[in-house]
Amino acid sequence: MTAKSHHHQKRKKSKHHAPASSITTFEEVDDSSVNGESKGQKVVSVLEYLFPVVAGLCLWRSVSTGKESSPWSTLLLGRSQRLALDDDIINWTTLLPEPQSSDLEEALGSYSASLCRFVMSQSMVPGGSSSAGWGIFSLVDIEPQDKLLYGDMRIQLVDVQNHQYEGLAHLLYNYTWKAKYGTVEGTEVQTVVPGMSMLSNSGWDHHFQAMAGKPTPPEPGTDGTRGSPTAGSFTHYHNRQYFAIQTVPKGQEILVNYGQNFVGEKLAHATTDGAAPLTLASLQKPVSELQTNGMCLDNIASAEAPGRGGRGAFATRDLLKGTVVVPLPLIPLNRTSLDMYTDSRYPNAKKQLLLNYCYGHENSTLLLFPYSPVVNYINSVGKDEPTNAVLRWSAQAQNLEQSLQDSAQDILASRRWGLLLEVVATRDISQGEQILIDYGQTWHDAWTRHVQQFQPDNDCSRSPPYVYASRLNQLKMVRTQDEQAQNPYPDNVETFCVYQYSETIQYNPWPHHQHGSKKDTCRKVTHEACPPHTRMVPDYLRPCRVLDRKEGDAFYTVEVLNDDKGSVDAGSIPWGERHIVTGMPRNAICFLDKVYSTDQNLASAFRHEIGLPGGVFPTAWMDLE
């Protein structure tokens, strides 16, 4: 969802697209002041080949605080605490493929794009209609490493334990995931990931067929984003992509890995008929039934929406008038649970970004968050402009008549399952055309006021000015501490390195006291001597100082520090010791945004729910004047 200009856009198939390894970056920004090299001089090193790995490492950090947990900690962390989400230190580079084109480009170039491949239907997991809810089923045979649906966004929930969490318990306990790159948004961060991460049910042991691919860092805003009214109004975290890790026959429900301590642990002992053990083969429906009653999930894919400063949802195939473009299963939320306190610790806090992706009404405490694939990318037309799609209640919604008569508080108290909207084409929509609905008069009025009253945060007065950390990570070289004293990086970023402290590593003395006390015990270790499984794994990112650079800017000497968040994975360096790592490659060093410095935390960021059209939001839910 973005909030800028609203124009009819159609994406055309690109005849040529660059592979992932040749994406345009800051190749010419080589920090010419370093070592007296001329501006634009190309640095030839292993980074030419390892650079894609840098992007994959660059913004992960642990969410652990190292502090005593509150009584709510187990509940608030939800899956975050119980999952090793795409984690278990997967070798992403060998197990799963790297995307070579955008989802939309892939759809536009596919000969099978006219046929729906994945549908939503009631889950076959035991107790599906009452507990597991909806599920995702395949209409075609899937082979290992095949992409499953399209990549989706990640929305960061910030410091919920320090704000209001009433009404979020169900979401946090059942649907949030361990934050990866999003941990820079606050002190404790949980990630909401619509699509397969929420709609698919959990497997057990090794009984699951889908796994998330290599995490990707946030996308930097366009050059004008930071100073525009759109800044902070949409997420920069995208491309949560799942792949098959085993064969999936047509008609089978697709399960993902929630972690061995979640629901799957219970499923291992479940049975389908009171006697037979539960198997993947038992989670199957006739393809004919799914074709008749299933709701297609791959009619849309996300891509950049020109003129909007963000992304949109585009048709992957021609859609006739009256076609259900996509279903929107909904999670009820309490409006007040997205409020954030404002105090000295959180000077910019006001409302969670999740609000911008919820549907609701200004006269109701009830918000509805949709969690099917790609639906949160659907943009609005401008005021008085024609739409090509509209929202309505689905005939497959569960107990809809009763739900529309219940009060907002009844819906919230019951954690109502089965609420289901659908996006329907109001005219023929061509393949590659953006899906556009109307966010409602109240939303448009709020956006107009926001634009008229907008005053950008005073980032332009900084010296050096604000720069997205994800842009700095495209630099081929990192300045040393001495060089930064003369030519500093922006104050919104800090440098992190991959390193795990271990008592088993053999350290050597290091008579280097330039940046510390002579009373410190300095210990030196080469990067190659570190345990192999920790050298490039983002779980071990920690603050560091770059002391020296060697061998054509490819290798560095760094001092690694303790994380102020008390990262458990990275280990804690004993007090009074300084740890020096030599031979550290560029792709083990990255920039992170400082906590609370990102667009999402701007005081001027727009926040407003999406309005449901008249006749869709029932009067029984309107409990506010």
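All of these numbers come straight from a predicted model, not from anything done at the bench.

**Focus on the sheet that holds strand β18 (residues 420-425)**
- Pairing in this open sheet of six strands is mixed, and the strands run β17-β18-β13-β15-β14-β27 from one edge to the other. The open sheet is flanked by β17 (389-393) and β27 (610-611), the only strands paired with a single partner.
- Direction of pairing for strand β13 (residues 324-334) relative to β18: antiparallel, over a ladder of five bridges. Residue pairing for β18: Val-326 is matched across the bridge by Val-423.

**With respect to the environment of Gln-600**
- In this structure, Gln-600 sits in the loop between β26 (589-593) and β27.
- Residues Gln-600 and Thr-235, spaced 365 residues apart in sequence, show a C-alpha to C-alpha distance of 7.4 Å.
- Ignoring anything within four residues of it in the chain, the contact list for Gln-600 reads Gln-156, Val-158, Glu-185, Gly-232, Leu-353 and Arg-607.

**Things to note about the nonpolar core**
- Core analysis: the largest hydrophobic core is formed by 87 residues, its most contacted members being Leu-171, Leu-354, Phe-369 and Val-423.
- Residues in contact with Leu-171, not counting those within four places in the same chain, are Leu-157, Thr-176, Val-192, Met-198, Ile-331, Leu-333 and Leu-354.
- Tyr-181, Val-546, Val-558 and Ala-588 belong to the second largest nonpolar core, which has 30 residues in total.

**Remarks on the pattern of salt bridges**
- If you walk through the whole model with that rule in mind, you get eleven salt bridges.
- Note that Glu-609 is salt-bridged to Arg-335, the shortest N-O span being 3.1 Å. Taken as a pair, Glu-609 in the loop between β26 and β27 and Arg-335 in the loop between β13 and β14 (359-360) lie far apart in primary sequence, 274 residues in all. Residues Glu-609 and Arg-335 agree in their burial class; the two are buried.
- For Arg-549, the salt bridge is made with Glu-483, and the minimal N-O distance between the two is 2.9 Å. One end of the pair, Arg-549, is in strand β23 (residues 541-550); the other, Glu-483, is in helix α15 (residues 481-486), with 66 residues separating them in the sequence.
- Three or more residues are tied together by salt bridges with common partners; here these are Arg-545, Glu-559 and Arg-578.

**Topic: the packing of aromatic side chains**
- The final tally for this structure, using the stated rule, is ten aromatic pairs.
- Plain terms: the ring middles of Trp-134 and Trp-417 are 5.3 Å apart, the flat faces sit at 40° to each other, and that makes the pair tilted. With a gap of 283 residues between them, Trp-134 in strand β2 (residues 134-138) and Trp-417 in the loop between α12 (408-414) and β18 connect regions that are remote in the sequence.
- Relative accessible area serves as the criterion here: at 3%, Trp-134 is assigned to the buried category.
- Owing to a relative accessible area of 23%, Trp-417 belongs among the partly exposed residues under this scheme.
- Where Trp-447 meets Phe-606, the ring centres are 5.1 Å apart and the plane angle is 85°; that geometry is what we call edge-to-face.

**A look at the side chain of Arg-154**
- Position of Arg-154 relative to the elements: it lies in strand β3 (residues 147-158).
- Other than its neighbours up to four places away in sequence, Arg-154 contacts Tyr-181, Thr-191, Val-192, Val-193, Thr-216, Pro-217, Thr-235, Tyr-237, His-238 and Arg-240.

**With respect to helix α13 (residues 441-453)**
- Helix length check: α13, at 13 residues, gives a terminal C-alpha distance of 18 Å against a target of 18 Å (1.5 Å per residue), a fit within 8%.
- When α13 is considered as a whole, its buried residues turn out to be Trp-443, His-444, Ala-446, Trp-447 and His-450. Buried residues in α13, looked at end-on, bunch into an arc of 160°, giving them a common side. Opposite its buried face, α13 presents the exposed residues Gln-452 and Gln-453, each directed more than 90 degrees away.
- Looking at the buried positions of α13, the neighbouring elements they touch are β16 (379-380) and β27.

**Some words on the sheet that holds β2**
- Strands sit in the order β2-β1-β10 across an open sheet of three strands; the sheet is antiparallel. Of all strands in the sheet, those bounded by a partner on one side alone are β2 and β10 (295-296).
- As paired strands, strand β1 (residues 118-122) and β2 are joined by five bridges and run antiparallel to one another. Its bridge partner lying in β2, Gln-122 is registered against Trp-134.

Cut-offs and rules
Residues numbered from 1 in each chain as written. Predicted model: local features only at pLDDT ≥ 70, side-chain atom pairs only at ≥ 80, totals over all residues. Heavy atoms only, no water. Pairing = 2+ DSSP bridges. Helix = DSSP H or I, 4+ residues; strand = E, 2+ residues; numbered from the N terminus. Contact = heavy atoms within 4.5 Å. Core = buried A, V, L, I, M, F, W, Y, C linked by side-chain atoms within 4.5 Å. Buried < 20%, exposed > 50% of the residue type's maximum accessible area, 1.4 Å probe, protein only. Salt bridge = Lys/Arg side-chain N within 4 Å of Asp/Glu carboxyl O. Phe/Tyr/Trp six-rings, centres within 6.5 Å; stacked < 30°, edge-to-face > 60°. Expected span 1.5 Å × (residues − 1). Arc of directions from axis to C-beta.

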